[in-house]
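# Residue-level structure breakdown
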Amino acid sequence: MMAPRLSTPATRRTAAAALAVACGLVLSACGSSDGDSSSGGSAGKGGTTTVTDATGAKVKVPAAPRRVLALSEMDLDSALALGVKPVGLTAGRGQKGAPEYLSAQAKGIPVVGAVTGPDIEKVVQAKPDVILAGQLADEQVLAQLRKIAPTLVTIDDSKSWKKSLELTGQALGKANEAKKFLADYDAKAAALKKDLGAQAGATVSVARYSAKGTAVMQQGVFISDVLNDLGFKRPGIQNQKGEGHSTPVSDENLKEIDGDWLFIGTLSSTGPDAGLLDQLAKKPAYQQLDAVREKHATVIDGSKWTSLGGAKAAVSVLDDIRKAMVK
């Protein structure tokens, strides 16, 4: 399920205390508290520009930022897609660091928080000149971040990776690169749809497996947007918008994850998730799924397919689908 977007009062007190300590250590990193703050560790040269973020707030940012902090998986993905390596990232859902599909490109980037929120002291230590705050909604935490550097909420309620990429491109002075990336994605999706032939109208199911059991991805999340671009149908409740990021399915109702094709994975190939899919494959209810019997079940990287997603994830998903479904 999606992690809560609002921190607790205790968390905010801890963050505030950390900010006070960190500011005492790095005074130059803290500036004014309004949304147009242009303070930070190393402001990019070449003046400033004003960008409207996902909440409608106008934020003044360096025209060419050099120290970008990514506080969500999608922000990290967008930055890397635009050729920018952040100076800090928050650990992905179910990860200790970057999502597995970005681990090579993100190697060496310090972790400054988790899905539940940033560590303010570590944010200060990273000396950012722009902070990409994902879908962070806690105003007290946002106010603390704005004292450190210009901060933009980059993900709106639609959670569209395309809109987030465009906004990130504006914030990082990479608007043209974002436009080109989206055009290339559209061309690649159109080519795949053509090559799928009759399979383009297939029913495709996406599920995630963990120690807690099976969950399906409904509408309103990254992977469903990609599948919609390809014209795929979805089975059962996957046609509806879910209340959270994923929806649990009991073993008794495992038939709900069936389809013409099934893509299923875990958030990590190591740690607690290692070997879980082997256990699932032994269950009679799983073996009886049509997609499994027809050999149309494909193991995927859940950190890419079933988490927050992003631009690079979308292109990689197209490659995964091509390998599985185009003969």
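Structure: above.
The text that follows walks through the structure, step by step, so that each part is easy to find.

Thresholds, definitions, all that
Residues numbered from 1 in each chain as written. Predicted model: local features only at pLDDT ≥ 70, side-chain atom pairs only at ≥ 80, totals over all residues. Heavy atoms only, no water. Helix = DSSP H or I, 4+ residues; strand = E, 2+ residues; numbered from the N terminus. Buried < 20%, exposed > 50% of the residue type's maximum accessible area, 1.4 Å probe, protein only. Contact = heavy atoms within 4.5 Å. Polar contact = N/O pair within 3.5 Å; in protein donor to acceptor, adjacent residues only side chain to side chain. Axes fitted to C-alpha atoms, helices over the stretch in contact; angles between N-to-C directions. Parallel < 35°, antiparallel > 145°, perpendicular 65-115°, else oblique. Nonpolar A, V, L, I, M, F, W, Y, C, P; charged D, E, K, R; others polar. Pairing = 2+ DSSP bridges.

### A word on the environment of Q95
Within the fold, Q95 resides in the loop between strand 4 (88-90) and strand 5 (111-114). Taking the relative accessible area as the measure of exposure, Q95 reaches 13% and is therefore buried. C-alpha separation for the pair Q95 and T270, spaced 175 residues apart in sequence, amounts to 9.6 Å. Ignoring sequence-local partners within four residues, the contact set of Q95 consists of E100, L267, S268 and S303. Within polar-contact distance, the side chain of Q95 engages the backbone oxygen of R93 at 3.3 Å.

### Some thoughts on the packing of helix 2 (residues 73-81) against helix 12 (residues 311-325)
For any two helices packed against each other, one specifies the inter-axial angle together with the distance between the axes. For the pair helix 2 and helix 12, interaxial distance at closest approach is 6 Å and the crossing angle is 80 degrees. Classified by the angle between their axes, helix 2 and helix 12 sit roughly perpendicular to one another. Contacts from D77, L80 and A81 in helix 2 reach A311, K312 and A313 in helix 12. Of the residues that constitute the contact of helix 2 with helix 12, the class distribution is four nonpolar, no polar and two charged.

### Some words on the sheet that holds strand 7 (residues 130-132)
Taken in spatial order, the six strands line up as 6-5-4-3-7-8 in an open sheet, and their pairing is mixed. One side of each edge strand has no neighbouring strand; the edge strands of this open sheet are strand 6 (117-118) and strand 8 (151-152). As defined by bridge partners, strand 3 (residues 68-70) adjoins strand 4 across two bridges and the pair is classed as parallel. Pairing of A70 across the sheet is with L89, part of strand 4.

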